[in-house]
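Fold and geometry: a report
Chain by chain, the residues run as shown.
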Amino acid sequence: LGPSDIGSTNKMYDNLACSAARVRGIPAYPTGTNSKGSFLTFKSSGSLIFGVANVVGNFGTVFADQSYWQGAIACKPEATWKGYLLGGMSW
């Protein structure tokens with residue numbers, strides 16, 4: 001596939017659906033755990049595990065990284081919690 005094969009969101013969807021159909025049953029491409037064997041889903045056991053690991057890791061980064069604490073100390077207290085909340089929701 002090249003850039004000219006994509007062209008639009010509909011064409012991209014069609015390409016991904018076609019690719020999922022071609023690799024269905026090949027062990028190197030484990031789409032079997034995804035909802036209906038699709039590449040375009042948030043319903044898979046792997047995505048849940050990745051999401052939990054990502055959230056735990058990001059909390060660890062915030063609490064362990066000194067630059068976050070320096071930024072919090074340098075700000076006004078009433079602005080700090082808003083910034084952390086907005087940053088967390090944006091991430």
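Summarised in this report is the structure supplied together with it. (Residues numbered from 1 in each chain as written. Predicted model: local features only at pLDDT ≥ 70, side-chain atom pairs only at ≥ 80, totals over all residues. Heavy atoms only, no water.)

1. Structural notes on the overall build of the chain
Assigned secondary structure in the chain consists of 5 helices and 0 strands. Each helix and strand of the chain, ordered N terminal to C terminal, gives the series α-α-α-α-α. Counting over 91 residues, the chain shows a buried share of 11%. Pairs at least 24 apart in sequence give 8% of the contacts found in the chain among residues at least 6 apart. Total accessible area on the chain is roughly 7500 Å²; 68% of this is exposed by carbon and sulfur atoms. (Helix = DSSP H or I, 4+ residues; strand = E, 2+ residues; numbered from the N terminus. Buried < 20%, exposed > 50% of the residue type's maximum accessible area, 1.4 Å probe, protein only. Contact = heavy atoms within 4.5 Å. Areas by Shrake-Rupley, 256 points an atom, 1.4 Å probe, with all protein chains shown as cover.)

2. Remarks on helix H2 (residues 9–23)
Between its first and last C-alpha atoms H2 spans 21 Å; for 15 residues at 1.5 Å apiece the expected length is 21 Å, and the two agree. Taken together, the buried positions of H2 are Asn-15, Ser-19, Ala-20 and Val-23. Take H2 and look down its axis: the buried residues cluster within an arc of 135°, on one side only. In this structure, H2 carries Asn-10 and Tyr-13 as exposed residues pointing more than 90 degrees from its buried face. (Expected span 1.5 Å × (residues − 1). Arc of directions from axis to C-beta.)

3. Considering the environment of Cys-18
Structurally, Cys-18 is set in helix H2. Residue Cys-18 is classed as partly exposed on the basis of its relative accessible area, which comes to 40%. Taking the C-alpha atoms as reference points, Cys-18 and Ser-38, 20 residues apart in sequence, are found 9.8 Å from one another.

4. Some remarks on a nonpolar patch on the surface
On the surface, a nonpolar cluster with roughly 590 Å² of combined accessible area is contributed by Val-55, Phe-59, Phe-63, Trp-69 and Ile-73. Broken down by secondary-structure element, the contributors of at least two residues to the nonpolar patch are helix H3 (45–64) and helix H4 (66–74). For the nonpolar patch, the element with the highest residue contribution is H3, accounting for 3 residues. Tracing the chain through its elements places Phe-63 in helix H3. (Patch = residues over 30% accessible without salt bridge, like charges linked within 9 Å, V, L, I, M, F, W, Y side chains within 5 Å. Salt bridge = Lys/Arg side-chain N within 4 Å of Asp/Glu carboxyl O.)

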